[in-house]
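# Tertiary structure, described
Residues per chain, in single letters:
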Amino acid sequence: MIVQGTRLPTFDELIAVLESQFSSQAVYTFDSKPQKSIIVRKSALVGAQITIRDNEIIVDACCPNIFISALIGLISTIYPPYHEFEMNVTDFLKKAYN
């Protein structure tokens, strides 16, 4: 999902906002290339990867455990908790930054 806005937060501001909003989940940076991302981990199997680019925030469902991710990559396309959590994060970001 893509959230577009006129004034988006900085990377550090977004981490702080996500830590506050999703306090029961783990929020941490992921030094992916070419730019850093933020992971919001609901469980070992369900999470969301967030990237800020230009005037948009990109939210993708992900498996935050890299070892398990390799095993269940195909399952994630049909496993509803991935998409539900992605939508929860996206809905919050749309309300905050649209």
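To start, this report covers the structure provided alongside it. A quick note: this is a predicted structure, and the numbers were derived from the prediction, not measured.

Calculation rules
Numbers given to residues run from 1 along each chain, matching the order in which its sequence is written. With pLDDT at 70 or above as the cut-off, local features in this predicted model cover only qualifying residues; side-chain atom pairs require 80 or more to be listed or tallied, and sums for whole chains, interfaces and linings still use all residues. Excluding hydrogens and water, the side-chain figures rest on all heavy atoms present in the structure. Should DSSP find at least two bridges between two strands, the strands are taken to pair. Helical segments are the DSSP runs of H or I of at least four residues, strand segments are the runs of E of at least two, and each set is numbered from the N terminus. Residue burial is assigned from relative accessible area. The probe radius is 1.4 Å, only protein chains are included, and a residue is buried under 20% of its type maximum, exposed over 50%, and partly exposed in between. Here the arc refers to the set of directions running from the helix axis out to each C-beta atom. Axis definition: a line fitted to C-alpha atoms, limited for helices to the stretch in contact. Angles are taken between N-to-C directions and run from 0 to 180 degrees. In this analysis, two residues are considered to be in contact whenever any of their non-hydrogen atoms come within 4.5 Å of each other.

A word on the pairing of strand S2 (residues 26–30). With five bridges joining them, S2 and strand S3 (residues 37–41) adopt antiparallel strand pairing. In the sheet register, Ala 26 faces S3, and the bridge partner there is Arg 41.

With that settled, consider helix H1 (residues 11–21). Given 3.6 residues per turn, any residue in an α-helix points the same way as the ones three and four places further on. Turning to H1, its buried residues are Phe 11, Leu 14, Ile 15 and Leu 18. Each buried residue of H1 sits inside an arc of 105° when the element is viewed along its axis, so together they form one side. Along H1, the residues that are exposed and aim more than 90 degrees away from the buried face are Asp 12 and Ser 20.

Further remarks concern the pairing of strand S4 (residues 47–53). For a regular strand, side chains alternate in direction, first toward one face of the sheet and then toward the other. The sheet contact formed by S3 and S4 spans four bridges and is antiparallel. Paired with Arg 41 across the strands is Gly 47, a residue of S4. Counting the residues in the hairpin turn of S3 and S4 gives five residues. Taken together, the seven bridges between S4 and strand S5 (residues 56–62) define a ladder with antiparallel strand orientation. When the sheet's bridge partners are listed, Thr 51 is paired in S5 with Ile 58. The hairpin formed by S4 and S5 contains two residues between the paired strands, and Asp 54 there has a positive phi angle of roughly 55°.

What follows is about unusual backbone geometry. As a rule of thumb, non-glycine residues mostly have phi less than zero, and peptide bonds are mostly trans rather than cis. The backbone of Asp 54 sits at a positive phi, close to 55°, despite the residue not being glycine. You can see Asp 54 is positioned in the loop between S4 and S5.

Strands in a sheet are paired, the pairing made by backbone hydrogen bonds, and the direction either parallel or antiparallel. In space, the five strands of this open sheet follow the order S1-S5-S4-S3-S2, with antiparallel pairing throughout. Bordering the open sheet on either side are strand S1 (2–4) and S2, each of which pairs with just one other strand. On average, each strand axis in the sheet is tilted by 20° relative to the strand beside it, whichever way the strands run. Lying over the sheet, H1 contacts S2, S3 and S4, oriented at roughly 5° with respect to S3.

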